[in-house]
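A look at the structure
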Amino acid sequence: MRRLLAIATFGFVFAATGIAPAHAADVKTSITVDQDTATVTGEPVELHVQVRDAAGHPVAGALVRLFVPVVFMGEQKNEIVGEGTTNTAGRAVIRFAPAQTGQLEGTLAFWGSHGYAASETTVSLDVQQAAYTYAPEPVGLQAWWARSYLILVPFVLTWMVFLLLLWLAVRVRRAGAAASAPTDIAATS
Amino acid sequence: MSATLNYRRARLQERAEAPVRPGAWGVRGKLLVGGLAVVVAWGIFAWTWQVRKGLGVTGLNDHLSWGFYLTNFIFFAGISMAGTLISAILRLTHAEWRRPITRLAEMITVAALIVVASMVVADMGRPDRLQFVLLHPHMRSPILWDVLSIGTYLAGSILYLYLALVPDLAILRDAGVGGKLRRRLYSALSLRWHGVPDQRRLLVRAIGVMAVVIVPVAVSVHSVVSWIFGMTLRSGWNSTIFGPYFVVGAAFSGIAGIVVVMAIFRRVYHLEEYITEKHFRYLGSLMLVAGVMYAYFTLSEYATVGYKMEVGGGSLLSALLVGRYAPYFWFFAIFGTLVPIVLLALPRTRTVKWIVTAAVLVNLGMWVKRFVIVIPSMALPMMQYEWGTYRPTWVEWSITAAGFAAFALVFVFLARIFPVISVWEIEEGWEVETAAARRLLPSAVASRAAAPSVMEEVS
């Protein structure tokens, strides 16, 4: 009964967290990282990680993932932004390019496998604004001409033609007045 | 001047003046105007209801914020193309047959554009928001471009209609038509027209300039209307061909609109002598060309989407061809395009009756097509959500009905005050014909034996 309860509990934890619980027989592991302490936005940063077991021996074939906190649709989540698998020396390189400035607190996690227990460590990066900024040519409605008042030019010209035509209409009236003037004089006399 | 020409002139003037004379309408005319006024009044009530309660009383929602109002907006913008196409383009190309129908075409444009502007106001929900477009213009917004181009087109169309009316207003002034107010109106608007050479020269120049200017303005209207959609990153709208697609569509429905109006006025005012079967056939040919081009654009638009079948475009196409919007799409494709093209292409059906039937189908089909352009693309989810739904309420149906009634009412109002056929242009046409005959006749007589066809050309 106790055995069944234990299996159910572990099963529940596994299902709820998606992380396989460390088996009692699993060898404990640890992750170390030689990190760049500072980087700039848009530039890839390399995290050199090493996974060792409790005896200090390198763990090969361990998949290490880098999580960073992100806000998606108003909800705080941890997003996987990079991963790497350790070589025979237990080393892996994880690359990613931070997009936002500020202190970035990430987590490097190994979920455990092949008799090795899961382990994790934190990584902290000071992300600075890049010295240069990307200034891509805006497209579509962001184009400079679309923002400017140039769009008014054809309309202003058209309205000027309308005014010209109204002036022609006034001239038509004047010509009519001139033509009918003798008739008017005759009528009044 | 020959007695025959005098008789023709007197008869033409009598025919043109008849509708604007007091008591010309009779009971049926008054009933028609009363009925239209009731529908418009009901629409105004529905609109005030919407203003008081908010757009929540319509079928519009956060997912589908454009519905019937935008459909009507594009439809009437398309109808307004008629004035430019018939009057300006045919004037510029010296198409002599245009003369009896230019006035109707110009009136259609003005009436349609008034409805276009009112539909924008209805769609905004709160009419006071219109001031923000003007007080705080956002230069990169196609909505602002729309306001500018439609305002310019409306002003230009009124001016164009007016310039071509001046000589006819003088005829009404001289004939003393109407009561005191109408006589004053005709006198003021006729610009002391006496037809002296100076006046003719100035007026012809003004109309010529206007004909040149109004064509690009009209094309800009339909292009800008299309860009409201085409410059949006949304499946079904994000297309580079929307500008010409809308311009051709406007020509298609605009010509159909004038054919229907022509048929009604020809029958009601007995204008068979001036608006002849030839006019229907010529306009039918233009409608056929526009229809074939529109069908081609439609095929091109959907074929490219259907070949790629991207997630959004593919879903939209499936919904249009076999899904929830298939009845609308196929109604447009079959009854709004295919059947009219066949009717207009077959020599046997190139009669007034069938051309008018084709025009009615085109108008119905093109309204549905505008619905198909607006609604499905808005209903298509941009993320993994359900399709949006749109069920127009009584408010939208009422305002839509009022829009059509207002179009008819404005038109009837214009026809009640101004002649629906351009008397001076028809007379000018006779003069052109006579001059051409005089030029050709001597040579025709001299070379009759050699070239008998010259006489046929004269006749």
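This part is about the overall build of chain A. Looking only at helices and strands, one finds three helices and eight strands in chain A. Within chain A, buried positions represent 20% of all 189 residues. Sequence-distant contacts, at least 24 apart, represent 61% of the contacts inside chain A between residues at least 6 apart.

Moving on: the overall build of chain B. When helices and strands are tallied, chain B shows 17 helices and zero strands. Radius of gyration (C-alpha) of chain B: 24 Å, near the 23 Å computed for a compact globule of 459 residues. Along the longest, intermediate and shortest principal axes, the C-alpha atoms of chain B span 80 × 60 × 45 Å. Of all 459 residues assigned to chain B, the portion counted as buried reaches 45%. Residue pairs in contact within chain B that sit at least 24 positions apart in sequence constitute 81% of those at least 6 positions apart.

To continue, consider the nonpolar core. Core analysis: the largest hydrophobic core is formed by 143 residues, its most contacted members being Ile255(B), Ile258(B), Val259(B) and Met287(B). At 16 residues, the largest contribution of residues to this core is made by helix 14 (residues 352–379) of chain B. Those residues in contact with Met287(B), other than ones at most four positions away along the chain, are Phe252(B), Ile255(B), Ala256(B), Val259(B), Leu344(B), Ala359(B) and Val362(B). Core analysis: the next-biggest nonpolar cluster, separate from the first, contains 21 residues, Leu47(A), Val51(A), Leu125(A) and Val127(A) among them.

A few words now on the sheet that holds strand 3 (residues 45–53) of chain A. Residues and elements named next belong to chain A. The strand order across the open sheet built from three strands is 1-3-6, with neighbouring strands paired in antiparallel fashion. Bordering the open sheet on either side are strand 1 (29–34) and strand 6 (91–96), each of which pairs with just one other strand. In this sheet, adjacent strand axes meet at a mean angle of 30 degrees when their direction is disregarded. Two elements, strand 3 and strand 6, share six bridges in a ladder whose sense is antiparallel. When the bridges of strand 6 are listed, Val49 appears paired with Ala92.

This brings us to the packing of helix 5 (residues 102–124) of chain B against helix 7 (residues 142–175) of chain B. Residues and elements named next belong to chain B. Where helix 5 contacts helix 7, the two axes come as close as 9 Å, and the packing angle between them is 150 degrees. One finds that helix 5 runs roughly antiparallel with respect to helix 7. The way helix 5 lies across helix 7 gives a crossing that is left-handed. Between helix 5 and helix 7, the residues in contact are Thr102, Arg103, Glu106, Met107, Thr109, Val110, Leu113, Val116 and Ala117 and Ile150, Tyr153, Leu154, Ser157, Ile158, Tyr160, Leu161 and Ala164, respectively.

Moving on to the environment of Leu288(B). All names here are of chain B. Here Leu288 lies in helix 11 (residues 277–308). Along the backbone, Leu288 and Ala358 are 70 residues apart, and their C-alpha atoms lie at a distance of 9.8 Å. Leu288 has contacts with Ile341, Leu344 and Ala345, leaving out every residue within four places of it along the chain.

Now for the confidence of the model for chain A. Confidence in the prediction of chain A, expressed as mean pLDDT, is 76, and 69% of residues score 70 or more. In this model, residues 184–189 of chain A is a region of pLDDT below 50 whose contacts with residues beyond four sequence positions or in other chains number zero contacts.

Here we come to the interface of chain A and chain B. With 23 residues of chain A at the contact, the number on the chain B side is 26 residues. Its residues placed into classes, the side of chain A that touches chain B shows 15 nonpolar, five polar and three charged.

This next bit is on unusual backbone geometry. For His114(A), which is not a glycine, the phi torsion comes out positive at approximately 50 degrees. Among the secondary structure elements, His114(A) is positioned in the loop between strand 7 (102–110) and strand 8 (119–128). The phi dihedral of His270(B) falls on the positive side, at around 55 degrees, and the residue is not glycine. Residue His270(B) is classed as exposed on the basis of its C-beta count, with 11 C-beta atoms lying within 10 Å.

With that settled, consider helix 5 of chain B. Residues and elements named next belong to chain B. In this model helix 5 runs 34 Å from its N-terminal to its C-terminal C-alpha over 23 residues, within 8% of the 33 Å that 1.5 Å per residue would give. Along helix 5, 18 of the 23 residues are buried, which leaves the element largely enclosed by surrounding structure. Of the residues one or two after helix 5, Gly125 is the one with positive phi, at around 85 degrees.

Attention shifts here to helix 12 (residues 311–321) of chain B. Residues and elements named next belong to chain B. Among all positions in helix 12, only Gly313, Leu316, Leu317 and Leu320 are buried. Take helix 12 and look down its axis: the buried residues cluster within an arc of 100 degrees, on one side only. The inward-facing, buried residues of helix 12 abut helix 11, helix 13 (326–345) and helix 14.

Attention shifts here to the packing of helix 4 (residues 81–92) of chain B against helix 5 of chain B. All names here are of chain B. Relative orientation of the contacting elements helix 4 and helix 5 amounts to 155 degrees, with a least axis distance of 6 Å. For the element pair helix 4 / helix 5, the angle class is roughly antiparallel. As helix 4 runs across helix 5, the sense of the crossing is left-handed. Residues Ala82, Gly83, Thr84, Ile86 and Ser87 of helix 4 form the contact with helix 5, whose participating residues are Thr102, Ala105, Glu106, Ile108 and Thr109. In terms of residue class, the contact of helix 4 with helix 5 is made up of four nonpolar, five polar and one charged.

Moving on, we come to the environment of Val432(B). By the secondary structure assignment, Val432(B) is in helix 16 (residues 423–446). Sequence separation between Val432(B) and Glu96(B) is 336 residues; the distance between their C-alpha atoms is 8.9 Å.

Residues and elements named next belong to chain A. Note on placement: Asp26 falls in the loop between helix 1 (2–17) and strand 1. Along the sequence, Asp26 and Val93 sit 67 residues apart, while their C-alpha atoms lie 25 Å from each other. Look past the residues within four positions of Asp26 in its chain and what remains in contact with it is Gly112, Gly115, Tyr116 and Ala117.

Residue and element names in this part refer to chain B. Overall, the predicted model of chain B reaches an average pLDDT of 88, with 95% of residues at or above 70. Per-residue pLDDT, averaged within each element of chain B, yields its smallest value for helix 17 (residues 453–458) (38) and its largest for helix 13 (96). Under a pLDDT of 50 for its full length, residues 448–459 has, in the predicted model, eight contacts with residues more than four places off or in other chains. Confidence estimates for the predicted assembly give a pTM of 0.73 and an ipTM of 0.70.

Cut-off values and rules
- Residues numbered from 1 in each chain as written.
- Chains lettered and ligands numbered in written order.
- Predicted model: local features only at pLDDT ≥ 70, side-chain atom pairs only at ≥ 80, totals over all residues.
- Helix = DSSP H or I, 4+ residues; strand = E, 2+ residues; numbered from the N terminus.
- Buried ≥ 20, exposed ≤ 12 C-beta atoms within 10 Å, placed from the backbone.
- Contact = placed C-beta atoms within 7 Å.
- Rg over C-alpha atoms; globule rule 2.2 N^0.38 Å.
- Core = buried A, V, L, I, M, F, W, Y, C linked by C-beta atoms within 7 Å.
- Pairing = 2+ DSSP bridges.
- Axes fitted to C-alpha atoms, helices over the stretch in contact; angles between N-to-C directions.
- Parallel < 35°, antiparallel > 145°, perpendicular 65-115°, else oblique.
- Left-handed = near helix turned anticlockwise from the far one by under 90°.
- pLDDT = per-residue confidence, 0-100.
- Nonpolar A, V, L, I, M, F, W, Y, C, P; charged D, E, K, R; others polar.
- Expected span 1.5 Å × (residues − 1).
- Arc of directions from axis to C-beta.

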